Amino acid sequence: MSIGVCYYPEHWSRERWETDVQEMADAGFEYVRLAEFSWGRLEPERNAFDFEWLDEIVALVGDHGMNVVLCTPTAGPPRWLLEEHPEIRQSDRDGTVREVGSRREYCVNSPRYRSETERVVREMASRYADVPHVVGWQTDNEYGCHDTARCYCGDCTAAFRDWLAERYGDAEGLNDAWGTTFWSQQYDSIEQASVPAPTPAQDHPSMVLDYRRFCSDSIVAYNRLQAELLREYDDWFVTHNFMDRFPAIDLYDIADDLDLLSWDSYPTGHVQATEGQTPPDQLKAGDPDLISFNHDLHRGVLGRPFWVMEQQPGDINWPPHSAQPAEGAMRLWAHHAVAHGADTVVYFRWRRCLEGQEQYHAGLRRRDGSPDRGYHDAARAAEELFDVGNVDAPVALLHDYENVWALSEQPHAPDFDYWALVQSFYRALRARGVQVDVVHPTAELSGYGAVVAPTLHIATEDLADHLTEYVAGGGELLLGPRTGVKDEGNNLRPVAPPGPLTALVGATVERYETVPDQFERTVVDDDGTEHAVRTWAERIETDTADPVVEYAGSEREGSTASVRNAVGDGHVVYCGVWPGQDLADELVASLLTRSGIDHTTRMPDGVRAAVRDGHTWVLNFTSDHVDIETDSEWAVGNATLEPFDLAVADRDLIGGLAVSKQT
Amino acid sequence: MSIGVCYYPEHWSRERWETDVQEMADAGFEYVRLAEFSWGRLEPERNAFDFEWLDEIVALVGDHGMNVVLCTPTAGPPRWLLEEHPEIRQSDRDGTVREVGSRREYCVNSPRYRSETERVVREMASRYADVPHVVGWQTDNEYGCHDTARCYCGDCTAAFRDWLAERYGDAEGLNDAWGTTFWSQQYDSIEQASVPAPTPAQDHPSMVLDYRRFCSDSIVAYNRLQAELLREYDDWFVTHNFMDRFPAIDLYDIADDLDLLSWDSYPTGHVQATEGQTPPDQLKAGDPDLISFNHDLHRGVLGRPFWVMEQQPGDINWPPHSAQPAEGAMRLWAHHAVAHGADTVVYFRWRRCLEGQEQYHAGLRRRDGSPDRGYHDAARAAEELFDVGNVDAPVALLHDYENVWALSEQPHAPDFDYWALVQSFYRALRARGVQVDVVHPTAELSGYGAVVAPTLHIATEDLADHLTEYVAGGGELLLGPRTGVKDEGNNLRPVAPPGPLTALVGATVERYETVPDQFERTVVDDDGTEHAVRTWAERIETDTADPVVEYAGSEREGSTASVRNAVGDGHVVYCGVWPGQDLADELVASLLTRSGIDHTTRMPDGVRAAVRDGHTWVLNFTSDHVDIETDSEWAVGNATLEPFDLAVADRDLIGGLAVSKQT
Amino acid sequence: MSIGVCYYPEHWSRERWETDVQEMADAGFEYVRLAEFSWGRLEPERNAFDFEWLDEIVALVGDHGMNVVLCTPTAGPPRWLLEEHPEIRQSDRDGTVREVGSRREYCVNSPRYRSETERVVREMASRYADVPHVVGWQTDNEYGCHDTARCYCGDCTAAFRDWLAERYGDAEGLNDAWGTTFWSQQYDSIEQASVPAPTPAQDHPSMVLDYRRFCSDSIVAYNRLQAELLREYDDWFVTHNFMDRFPAIDLYDIADDLDLLSWDSYPTGHVQATEGQTPPDQLKAGDPDLISFNHDLHRGVLGRPFWVMEQQPGDINWPPHSAQPAEGAMRLWAHHAVAHGADTVVYFRWRRCLEGQEQYHAGLRRRDGSPDRGYHDAARAAEELFDVGNVDAPVALLHDYENVWALSEQPHAPDFDYWALVQSFYRALRARGVQVDVVHPTAELSGYGAVVAPTLHIATEDLADHLTEYVAGGGELLLGPRTGVKDEGNNLRPVAPPGPLTALVGATVERYETVPDQFERTVVDDDGTEHAVRTWAERIETDTADPVVEYAGSEREGSTASVRNAVGDGHVVYCGVWPGQDLADELVASLLTRSGIDHTTRMPDGVRAAVRDGHTWVLNFTSDHVDIETDSEWAVGNATLEPFDLAVADRDLIGGLAVSKQT
Ligand SMILES: [Mg+2]
Ligand SMILES: [Mg+2]
Ligand SMILES: [Mg+2]
Ligand SMILES: [Zn+2]
Ligand SMILES: [Zn+2]
Ligand SMILES: [Zn+2]
C-alpha cells in the first residue's frame, strides 16, 4: 500500500524542486502525480513544445526512487487554442457560451478538440514511453466538474442526432421508444431532435434519459480516445480521477477503458453536499459511510483495488464551510481508504498554491514550504500501512446510473434523491461492519451471501431473470421501493410495479405516495416495533409473498409496506417505503442473519469497522473516545481509540465485534 | 348534473377502445372530452389530415349514448409546423426563445400561428358539424399555462405598439397617461414603446399595467378567433378550461366569447401554491374555500352554471408533494362542485398515460387499465347527483384583474398577495355557509343583500357612483384596505385614498404601512375584543363615518383602523387593515346580520355548507367525524359525516345550521 | 447647519411652484436641489433645449432667499439618445443588454456617452454660471445604483485592455502579476484579456480584483470629466450623492475630484440589507451605527464636513418592509447627521410623486401637496440646528475598497462580509461614545490616539512601515483578523500572515478556519471571561507578542486567539477571530483606556452619544424612554429622552456619561 502526492513544479522556482522531492521521499511517498493542467506550460505556442522542465522533474522523482503518474493536460486548454478555435467551447442550455478564463471550457464532441487532444497526448506519451518509472497516466482531470458533463452546443446536437439514429434507426423508431404522441411531440425526422433547450414546460422524460445516456457515452468515447492513444506507446496503466458520487458519467461504461479506477476524496467537502445541517464532527472529518461508499463503488466496478488520486490534505476552498480537519484526520482517511480496498492514496497537493482559483486550498506544505499537519499525517500513514490483498465483500449493493438519471428528472417528491436512498441501506450495512461491493445490477451475484438493491426503478425482464436465478439458487435479496416502475425508454410499464419483478417479489404495488414532513407516517414490523418512514410510501398487495411490515395509524392500519417471498432456496424482501435508520437496520440485520453473514452489533454513527484480507480496521470518525471489546492484539493502535484515531488488528474480528463510545 | 371524462384514444391501441368506452358508460358518464393535443396525430404532415381514428372514437362514444366535447388542438402545435415557421415561438423577457419540446411554445400574436389555427380549426369543425352528439368545444388548453400568457417576441412588440396607438393615439397621449417625465422616460413616438425588457431598475408601473392588459387582450382575441370559427359551423357550445385563480387573463373579457366557463380543479395541488405549510388534511383533499372560490368565480362571471373540465382523479404529478387523496375525495369534489353551481364534472383523465411528461399523474384507471379509486368515486358521484337549478347567492364579492396586475407589480409588502387578501374575506363568508357570486366591480349589484370588495385598488368616479347607488338603495357594502389608491393609468391619485370613494366611505387614509411579522399589530373592535392584523395597516381620518375598529397598543392607541358610514338606506364599512381570521369573521358576521342574510354559526375550518336550488350540501374536508345538528332528512348521507364525506338535504338548512367535529 | 430639499418642479403644474417654494422657505430651508433626471425635459429633441422652466424655478428659489444645487441629468438619458446610439447601453456578464425603460442604462466607458455628457453639461453649466445663488452641483445620481457600476460591454472590454496595458505593459507583466500558470491560464497578449464572462468555474481572483479596480477607475474618470467641465464655468462646489456602504466605487479616489462628499441616507431601508431579522425599532428608525458609519466615512475621506444629499422623508418604496418611521424620526436623523459632521441635510423629496417607479416613496408633502410628518420634523430640525465646527475624532478606523473587492470574491465563509466585520469593531467604539474617522490605511495617523483596522487583508511593506511608525511613536493599534494575507495582485504571500506586518504584530497565524453556526467556538480573555466568536478563527503562534485571548474548550485549550505586542512607545493588539459583541467591547475598551481616550460606560444598543465642536448630542433610536445621568444644561431637550428623541448639551459630556433605558 502506497502513499503519493500531486506536485506542480511549474508553480515553483527550479531551485525549490530538489528540496521538495527529497522531502517527499523522506516521508516514504512512492508516487508523484505530475503535469495536470500544464498544457500552457508545455506548449506555449502552437507546436512550440517545451518539455525541458517536465523532463527534469520526472528525472528528479526517479532519482529519488519514486514513480511518476503523468496527466494528460486536456482539462485546461491553453488560451491560444481557444482563441484559434472558439468553436471548441461548450454552450449552456440557454445558449450561453462557456467562456475562457477558468478551466474545462471544451466540449468532448468537438472534432477540433479531439484532434488537438490527439496531438498533445501523442506528444507527451511518445516522450515518456521509455522512462521506466513513468508507470501510469491519469486522463484529463475530473470529467464533468463544474457542471461540464452536459453540453448544449451545435456539435453536441449533431452528435446526439447520430447517437439517436444509431439507437433507433429512424423517426418511427424514436417515436415508438419515446412515446411522442403525448402533447403532439412526434418527430418527422431524427434531424428534428435536439439537446434539451428552454421549452415552456418540462422536458420529455424519455428524451432526457437518452440525452443523459448520450452525454455519458460522449465522455466515455472521449476518454477512450485518450486511453487508446496512450496504450499505443507503452503498457503503463491508464486511470482517471473521478468525483464523489458523480452522477453524470456511467462508471461501469467508462471503466472498460481503464486499468484502474481512482477518485478524489475530500471528506469535509462532500459531507456538506448532503441533506440537513452537517454535525460538527463531520465538518472535521467527513461521514465515513459517504467516503466508503465511493471507495466501495470504485473498487466494486472493476472488482479490483482502486486509488484515491486526490486525498484532502487539510482545509479546502470549495465547500460552504471550511473547518480545519480534526487532528489526525489526514491519517485516518488514508487508513480508511486502504481498509476499503485502496492500494495507493495520493494527497492533493504538495504545497498550497499562491496564485489562482485555489489559494484557499491547503497542501501538505504551507505557503512558505514548511510542513503542515497533512505532511505529518501522510508520513505516518506511509509508515504504518502494509500490503494486503483485495477486499472480499459478502454483500453486493446494486447501483446503476440510468436510475440516477431517470429519478433525478422525475423525483416526484422534493427530497427523493437517489443517492440518499442508497445511503439509507448502505449505512445500515456499514453499521454492522459488513464490507459491500457496489456493483451494477447485471453483475455476477452468485458469490454474494446477500444482495441489496435500494431501488431498481428501471427494470427489464433480463434483470428479473438474473435476480430470480440468484435468489432461487439460495441468495437473499433485499429490494427497496420504486422498483420495476419504468422500461428502458423511461416509459411506465403497462402493469403495476414491480413490473417484471412481480413474480420474484410475489406482490404488486397497489398505490404509492410521497410523504411530506408534516405527515407522521410509521410502520410496524413483525415484532410489533414501530419505525418512521420518510419521503415515499407504497401500499402493497400480496400474492405469494407474506407481509412483514405493515402501516400503523388509523388510516392505513393493516395495509402492507414490506413483504417477504420465498423463491427456490432463497428469499426476497421488498420494502415499499423509504426506511428511516431503525427500519433500515431491522431489514439489514434480518437479511444478514438469514444469509449467515458475519456482522457486528450495531455500531454508533461515526465508528466503523472493515475487514480486508484478514485484517480488521476499526476507525473512529468522532470526537469521542471509543472502546473496542476484543481480546485481539493490534498491529496498529489498541483497543481504546482516541478521537479521530484508528486501530488495525491482524485478524477478522467482525463476527464478535462490539464498540462503544466513552461517556 | 353530469359526469364526464377526458379520453386520449390516441395513447392506446385500437383494441382497447371498446372496453374503455363501455366502462365509461357503465359508470354513468355522459360526456367524453377528446382530441386535446392531437394535432400531430390529426395532421402528421401539412395538409395530410388523418381523421379516421377520431371519427371512429367519436362514433363509438355516440354509440354508447354519450356526448363528445372536442378540443381544438392548438396548445400542442406539431413539430413540423414549428420547424417550418420558427417565428411562431415565444420569447422570454431576456430574449431567450421558448423552444420546441413540450407544449405551448406558440405566440398568440403570431400572424402565422393565427392562420394555422384557422386552418386546423376549420378542418375539424367542418368535419364534426353534422354529428349531433358532438355538443361542444374546448378551445386550446389552459391558456397561459407554464408562464406563457406573456410573451416578449417581435410580433408582440409590434402588436403592443398598435394596441398603445389605439388606446392613446400618439406619444403625447401615452406620455400623459403614463407620466413619463419621471426619470426622463418620455416617448417621442409610440414606435419607441416596447414590451418589458431587462432594464437596470424596475419597470414603469403604468407600462407594466398596460402590457398586462395587452397580453390579456391578445389571448382574448386569439380565443375569439377560435370561437368565431367554430360558430361558423354549428351551434355547439364553446368553452375553455381555465386554471386555479389564473392571474394573467381577464376572465370577464374572455367570457364574452364563450357560452360556458369551465376550469381545471386539482385540489391537492392548488393548496400547495398558497402561503405557509399545507396541513395534512389539505394535502389529502385540498382547501374547500380555495376550490369553491374558483367555482364561484367561474359561475359568477357569466351568472350561469359552469363545468369542471378537468377534475383531479387521484394523485398528481406537478405539485411539490403528491400525497394520495383521502378515501372518497374524488366523490367529495364532484358534490362540492355541484353544490357551487357546476352542471358537469369531467375527470382528467381516463387512464394513467405511460408516456411523456405526465406519467406521474393518475387517471380513473390504473396503468394496466383496471379501475382505480377515482373510477369508483366518479361512478358513485354519477349515481348520487341529480339535476338542480342554479345557485342563488345573496352576497357578491367584487374581483378584478386590473387590481391583480397593479398590485402584483407593486405589492410593497413581500406578503401582499391579492388572492390571499381576497381569500381572507371569502373564507369568512364561507365559514358562515353563505353562497357568494364572484363578480366584476361593475356588475349589477341590486340583487345582492350584501357586497364585499376585499380591495378596489384602482377605482374610478364611475365605480364610486355605481357603489354609492347600491349602498344608497339599501345595500350593505364591506370594503377592504388599499382601496381608491390608483387611477386607470396606474398612477397615484392626487388625493388621499380612497380617492373617488371618499364621500361614500366618509373617511380618508391618513397614512399606511406594511406590517412585517416582527410587529405585533392588533386592533380592538367596538366590543373591546382584540384582533390580530397582518401585512398592511392604514390609519384612518374620519369625516362623516364612525370609527368601528381602533388600533391597540401604546403607540397607536385610539387611532382608527376601520369605519362605518351610513349612506342613504345602506351602510359601507371600510376596513383599513388586512384582517386576521377573527377580525374577518367579525366584519362579515356583522355585515350579514345588518343585511338580514341567513347564515350559520361559524363552522370549523374544512367543514362547509352550501345551498343550491333548495338543497343543502354539508361537506367534510377533514379527517375528523362531523356531527350536523338538524332535524332534516337526507337525500344523500346523514347527519354524521365520516372523514371526507358529505350529506345532501332536500331543503335550505343554512339559517339554523350548526356543525361540530367529534372530539 | 442647514436643511434643504430635493424638488422636481417638472412633475407639477406651474401654478403650484410658488406655493411650494414659499413653504420651503417658511420651514427655514436653505437649499433646493433641482434638475436631477431632467434631461428629457431640458432637451426634448437633440439640440432643441428648453431651459425656460428651469430658469423660472431657479429664479423663484433665489427670490425666496434660498440657494440652488443643480444636478447634471446624466443618470437618465432621454429615449431619443439611446435610440440614436444604442451602443451606449451596458451589458450584463452573460451578454444581456441593459435596455431602455428605467434609468442608468449607460456605460461610463462609452465614448459616445462621454461626448453627449460633455454636450449637456456644458449647456447647463454655461447657462447658470452667472447666477450667484446656484452654489453647487451634484454630478449624475447615485453612481452604480441598480448594479450598474460594473459593465461587460465591448467598450468596457477595450477599455479594460488599455487599463491592463497601462498597468502591466505586456502579457508577460500580466502573467507575472496574476499568476496564470495555474490551470494554464497564461495570456499570449493583453488583447486576449476580457471582462469577466460566464466561465465554467470560478474567475481568477487576480483578474477579478483588477476588473473591480478598473470599474471603479472608470467611474472616477467619468465623474472627473463632469467635474472638470463644471469647473470651467464657475467656482461652485461639485459633489456627488453616494450610497450606503456602496462597495463598487473607491471613495478615496473619486473624492479627489470633489469639493464636498454627500450621501443618501435611508435608515429604515439600509438596515434591512444587513444580516438577520431587523428588530422593530430599527424598522422604524434604522440602526444608528449603520447610519453614522456612513456619516463618518463621508466625513473621514476628505476630513471635512459632508452633506446628506437625500434624507429619508417618511416611508419608502424599495426595502422589503416599509413600516412608518417612528414619530420624530425625520428630525432625529437630521440631528444625528449633524452630530457626526453634516453641514447640510437635504430631504428627498418635496412631494410624493404620482407617476413612475417611486410612487410608494413619501415626500415631505403628501400626494395632495399638504404637509406630511416629514415636513414638520424637517422644519423643527431647521429651527433647532445651529452652526458648529467640524468633528474632531480621537480614533481612526482604517477602511479600504481593495479589501472589499478581494474579500467579497473569496469570502471563504458564507457569512464573511467585510462590512459586517467592520461594523463589529465600529459598533463597539460607538457604544463607548467615541467619534471615529473612517479613513484609508495610508492616511496620516499621528493625530489619532488610537487606530482600529478591522482587517487589512491586502497589505504591503509600505503599509507595514506606516503602521509601525504610528505605533512606535506611541500609537495604540487594534488589528482584526485575516490581515496581511494577500499581496496587491490578490495572490497569497509566500509567508504566513500577517505577512509584512509580522514584525509589528510579533506573531504569525499558524492556521485559520471558518466557524459555522453549529460550532460553539469561544475564547477566554486575560480576566478569565469567556466570549463567543463567529465566522472566522485563527490560531496564533507568538514571537515577541504576548497572548491576551486564548481559545476555550477541550480541543483548542491554551492556543492563542489574540496577542499584544509592544513596539516603541505604543502597542499593537492583533485579534485573530471575528469578535462577538462582548469581545469587541473588551478589545475596544482596553484600547481606549490604554490610549487615554475619553469614553462613556457601555451604552445600550440604539442609544448613542456624539460630540461635535464642544456640543454633545445624545440620541435615542429606541421606543424606550432613556435617562441621562448628568448635571449638564441642555441646548435642545433635556436629560429624559422620549422614544426617538434627542438632547444636545453645550459641552463635551463623553468622559462621564452614563445613560440607561427606563424599565
Ligand atoms: Mg514506460
Ligand atoms: Mg352538431
Ligand atoms: Mg455661480
Ligand atoms: Zn458540446
Ligand atoms: Zn409574442
Ligand atoms: Zn460598458
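Labelled according to an unreviewed UniProt entry, chain A appears under the name beta-galactosidase, originating from Halocatena salina. The UniProt entry for chain A carries this comment under Catalytic activity (unreviewed entry): "Hydrolysis of terminal non-reducing beta-D-galactose residues in beta-D-galactosides."

1. A closer look at the UniProt feature "domain: Beta-galactosidase trimerisation" (unreviewed entry) in chain A
Those residues carrying the UniProt feature "domain: Beta-galactosidase trimerisation" (unreviewed entry) are residues 393-597 of chain A in this numbering. Secondary structure across residues 393-597 of chain A divides into 26% helix and 32% strand, with the first and last C-alpha atoms of the span separated by 10 Å.

2. Notes on the relation of the copies chain A and chain C
When chain A is fitted to chain C, the residual RMSD is 0.0 Å, and the transformation amounts to a turn of 120° plus an axial shift of 0.1 Å. Put plainly, the chains are arranged around a three-fold axis. Closest to the rotation axis within chain A is the C-alpha of A:Thr96, separated from it by 5.9 Å.

3. Points about the pairing of strand β22 (residues 615-620) of chain C
All names here are of chain C. Counting buried positions along β22 yields six of six residues, so the element is predominantly enclosed. Of the two faces of β22, the one carrying His615, Trp617 and Leu619 and the one carrying Thr616, Val618 and Asn620 are both buried. Hairpin connection from strand β21 (residues 607-612) to β22: two residues lie between these consecutive antiparallel strands, with aspartate 613 at a positive phi of about 50°. Judged from the four bridges that link them, β22 and strand β26 (residues 646-649) form a sheet pairing that is antiparallel. Bridge pairing in β26 places leucine 619 opposite leucine 646.

4. Re the side chain of C:Gln435
Residues and elements named next belong to chain C. Looking at the secondary structure, you find glutamine 435 in the loop between α16 (418-430) and β11 (436-439). Look at glutamine 435 and you get buried, because its relative accessible area is 4%. One polar contact links glutamine 435 to histidine 340, side chain to side chain, over a distance of 3.3 Å. One polar contact links the side chain of glutamine 435 to the main-chain carbonyl oxygen of valine 611, over a distance of 2.9 Å. Excluding residues within four positions of it along the chain, glutamine 435 makes contact with Asp296, Arg299, Ala339, His340, Val391, Ala393, Pro394, Val395, Arg430, Ala610 and Val611.

5. With respect to the nonpolar core
Counting residues in each nonpolar core, the largest one holds 457 residues, and the members touching the most others are A:Leu54, B:Leu54 and C:Leu54. Excluding anything up to four places from it in sequence, B:Leu54 contacts B:Leu34, B:Ala35, B:Leu42, B:Leu70, B:Met124 and B:Tyr128.

6. Section: the sheet that holds strand β23 (residues 626-629) of chain A
All names here are of chain A. Read from one edge of the open sheet, three strands run β25-β23-β27, paired in antiparallel fashion. Two strands bound the open sheet, and with one partner strand each, they are β25 (640-641) and β27 (658-661). Bridging between β23 and β27 involves four bridges; their strand directions are antiparallel. Its bridge partner lying in β27, aspartate 627 is registered against serine 660.

7. Digging into the UniProt feature "domain: Glycoside hydrolase family 42 N-terminal" (unreviewed entry) in chain A
The sites that carry the UniProt feature "domain: Glycoside hydrolase family 42 N-terminal" (unreviewed entry) are, in the present numbering, residues 6-385 of chain A. Note that residues 6-385 of chain A is 40% helix and 10% strand, and that its end C-alpha atoms are spaced 19 Å apart.

8. Some details on the interface of chain A and chain C
Across the boundary between the two partners, chain A contributes 55 residues, which contact 47 residues of chain C. Interface of chain A and chain C: buried area, both sides summed, is about 4,500 Å²; carbon and sulfur atoms make up 53% of it. Seen at the junction of chain A and chain C, the total is two salt bridges. Two residues, C:Arg511 and A:Glu327, come together in a salt bridge whose shortest N-O distance is 3.1 Å. Connecting chain A to chain C are 24 residue pairs in polar contact (both at pLDDT 80 or more). Looking at the side of chain A that touches chain C residue by residue, the class counts come to 17 nonpolar, 18 polar and 20 charged.

9. Digging into unusual backbone geometry
The phi angle of most residues is negative, glycine excepted, and most peptide bonds adopt the trans form. Residues and elements named next belong to chain A. A cis amide bond links phenylalanine 348 with the next residue in sequence, arginine 349, at an omega value of 10°. Secondary-structure assignment places arginine 349 in the loop between β9 (342-347) and α14 (373-384). The peptide bond linking proline 497 to proline 498 adopts the cis configuration, its omega dihedral lying at 5°. Counting through the fold element by element, proline 498 comes out in the loop between β13 (476-479) and α18 (502-505). Unlike most non-glycine residues, serine 184 shows phi in positive territory, near 55°. Looking at the secondary structure, you find serine 184 in the loop between α7 (171-178) and α8 (205-233).

10. Quick look at the sheet that holds β22(C)
Residues and elements named next belong to chain C. Across the sheet, which stays open at both edges, the four strands sit in the order β21-β22-β26-β24 with antiparallel pairing between neighbours. Each edge of the open sheet is held by one strand with a lone partner, namely β21 and β24 (634-636). Averaged over all pairs of adjacent strands, the angle between strand axes in this sheet comes to 25°, irrespective of strand direction. As paired strands, β24 and β26 are joined by two bridges and run antiparallel to one another. Note on β26: the bridge partner recorded for valine 636 is valine 648. Lying over the sheet, helix α13 (residues 329-339) contacts β21, β22, β24 and β26, oriented at roughly 145° with respect to β22.

11. Comments concerning the side chain of A:Asp296
Structurally, A:Asp296 is set in helix α12 (residues 288-300). With near-sequence residues (within four places) excluded, A:Asp296 lies in contact with A:His340, A:Tyr426, A:Arg430, A:Gln435, A:Val436 and A:Val438.

Here is what the cut-offs are and how they apply
- Throughout this document, residue positions are counted from 1 along each chain, in the order its sequence is written.
- Chain labels run from A onward and ligand labels from 1 onward, assigned in the order the entries are written.
- A pLDDT threshold of at least 70 governs which residues receive local features in this predicted model, and a stricter bar of 80 or more applies before side-chain atom pairs are shown or counted, although totals over entire chains, interfaces and linings include all residues.
- Note: side-chain values were computed over all heavy atoms of the structure, leaving out hydrogens and water.
- UniProt positions are given in the numbering used here, feature names are shortened, and annotations may be inferred rather than shown by experiment.
- A helix here means a DSSP run of H or I that spans at least four residues, while a strand means a run of E at least two residues long, and both kinds are numbered starting from the N terminus.
- For the least-squares superposition of copies, only C-alpha atoms count, and only for residues with pLDDT at least 70 in both.
- Using a 1.4 Å probe on the protein chains alone, a residue whose accessible area is under 20% of its type maximum counts as buried, one over 50% counts as exposed, and one in between counts as partly exposed.
- Strands are labelled as partners when DSSP assigns at least two bridges between them.
- By the criterion applied in these results, polar contacts are pairs of N or O atoms within 3.5 Å in which, for protein atoms, one can donate a hydrogen and the other can accept it, and in which residues neighboring in sequence qualify only through two side-chain atoms.
- Every residue pair with non-hydrogen atoms within 4.5 Å of one another is taken to be in contact.
- Each nonpolar core is a collection of buried residues, namely Ala, Val, Leu, Ile, Met, Phe, Trp, Tyr and Cys, held together in the definition by side-chain atoms within 4.5 Å.
- In short, buried area is how much 1.4 Å probe accessible area vanishes from two parts on joining, totalled over both.
- The salt bridge definition used is simple: a Lys or Arg side-chain nitrogen within 4 Å of an Asp or Glu carboxyl oxygen.
- Ten residue types, Ala, Val, Leu, Ile, Met, Phe, Trp, Tyr, Cys and Pro, are classed as nonpolar, four, Asp, Glu, Lys and Arg, as charged, and the remainder, Gly among them, as polar.
- Whenever a helix is involved, its axis is fitted only over the stretch in contact; in every case the axis is a line through C-alpha atoms, and angles between N-to-C directions fall within 0 to 180 degrees.

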